[in-house]
Amino acid sequence: MTPTPSDASPQTVVTVLSEALPYIQKFSGKTLVIKYGGNAMTQDDLIDSFCRDVVLLKEVGINPVVIHGGGPQIGELLDRLKIESKFMNGMRVTDSATMDVVQMVLGGLVNKEIVTQLNLAGGKAIGLTGKDGQLIKAKKLKVSHQTPEMMAPEILDIGQVGEVESIDTSLIEMLASRDFIPVIAPIGVDAKGASYNINADLVAGKVAEALKAEKLILLTNVAGLQDKQGKVLTGLTTAQVDSLIADGTIYGGMLPKINCALESVKGGVHTAHIIDGRVPHATLLEIFTNAGVGTLITNQANAIAEETN
């Protein structure tokens, strides 16, 4: 069981603070982009620990930016409204009725609940969607599909599902400079005003790149990137990750997150972390301890040594 302030011994508290101090000093003034989702967003104890982590980061001079998902909540409301959920290539088909629900859930219900919990934990959080201040300019995502029998791939129309065209960081930077914690729902808008539902991992990666963030942290429901024997791998360069994809170690549902992490570090983010959001205080454990709780990926080999020194 993870010690709490009420049951941890004074020696444990001092040891923890002593280990954390070099990391606090190193990352003070830096930006961390955190993708929040999975179990960490649906279990009360994990919600509480996550919000306390984020507020603590802000209190010690680090600038957290939270990007959140909400797929299960969207599915639940669609069911209640008797709107059928359809998926193609693992992505939700988003017609106009579904997009209305996406905006209600992501931009309203989920976003404001996260903001409320962060504020209750002592922070100053403010909720946004990518439509605010033209934060996320989007375009329609083109999805191709091909089977062995097809001479050429077909283009699937999955409705108002988008990809990031550009990120305007001015609103995020203004809020962070005034001690607010931005909480962003992954909804973008195109030049004609059409709204798009965008994968939260992809938005987090692009926001991290645009902000030149120190870290991109992706909370997941797994322990991290694992080898074929189930051992969690960490301290990986992008070249090593490319090799793991090529030899089949990384496949299936982990590929999109890994690709998001790869793109972000290749785009200038110092390190990307895929961590286990089912572990209480996973964010602090990954940032402020030597052991960490997930997989670290970097584009610079020397950054691996820096993270553990």
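This section reports on the structure supplied with the text. (Residues numbered from 1 in each chain as written. Predicted model: local features only at pLDDT ≥ 70, side-chain atom pairs only at ≥ 80, totals over all residues. Heavy atoms only, no water.)

We now examine helix α8 (residues 254-266). Its 13 residues give α8 an end-to-end C-alpha distance of 18 Å, which sits within 8% of 18 Å, the value for a rise of 1.5 Å per residue. Along α8, the residues classified as buried are M254, K257, I258, C260, A261, L262, S264 and V265. Where the residues of α8 are buried, they touch β1 (31-36), α6 (200-211), β13 (215-220), α7 (238-246), β15 (271-276) and β16 (294-298). Positioned one or two residues after α8, G268 has a phi angle of 120°, which is positive. (Helix = DSSP H or I, 4+ residues; strand = E, 2+ residues; numbered from the N terminus. Expected span 1.5 Å × (residues − 1). Buried < 20%, exposed > 50% of the residue type's maximum accessible area, 1.4 Å probe, protein only. Contact = heavy atoms within 4.5 Å.)

Here we take up unusual backbone geometry. In this model, D179 sits at a positive phi of 70°, which is unusual for a non-glycine residue. Inspection of the secondary structure puts D179 in the loop between α5 (170-177) and β10 (181-185). Phi at H281 takes a positive value of approximately 60°, unusual for a residue other than glycine. Position of H281 relative to the elements: it lies in the loop between β15 and α9 (282-288).

Quick look at empty space enclosed by the protein now. Per the stated rule, a full pass over the model turns up one cavity of 30 Å³ or more. Here the largest cavity is characterised by a volume of approximately 50 Å³. Forming the boundary of the largest cavity are A40, L46, S49, F50, D53, L219, G277, V279, H281, A282 and T283. Listing elements by their share of the lining of the largest cavity, those giving two or more residues are α2 (44-59) and α9. Top element by residues in the lining of the largest cavity is α2. It accounts for four residues. Looking at side-chain class alone, the lining of the largest cavity contains six nonpolar, four polar and one charged residues. (1 Å grid on protein atoms, 1.4 Å probe; cavity = no way out; pocket = protein on both sides within 12 Å on 5 of 7 lines; lining within 4 Å. Points joined across faces, edges and corners; volume = space filled by probe spheres on them. Nonpolar A, V, L, I, M, F, W, Y, C, P; charged D, E, K, R; others polar.)

This part takes up the packing of aromatic side chains. What the rule picks out here adds up to one aromatic pair. Centroid distance Y36 to F50: 3.8 Å. Interplanar angle 5°. Geometry classified as stacked. Note that Y36 is positioned in strand β1 and F50 in helix α2, a separation of 14 residues in sequence. F50 sits in the buried class, given a relative accessible area of 3%. (Phe/Tyr/Trp six-rings, centres within 6.5 Å; stacked < 30°, edge-to-face > 60°.)

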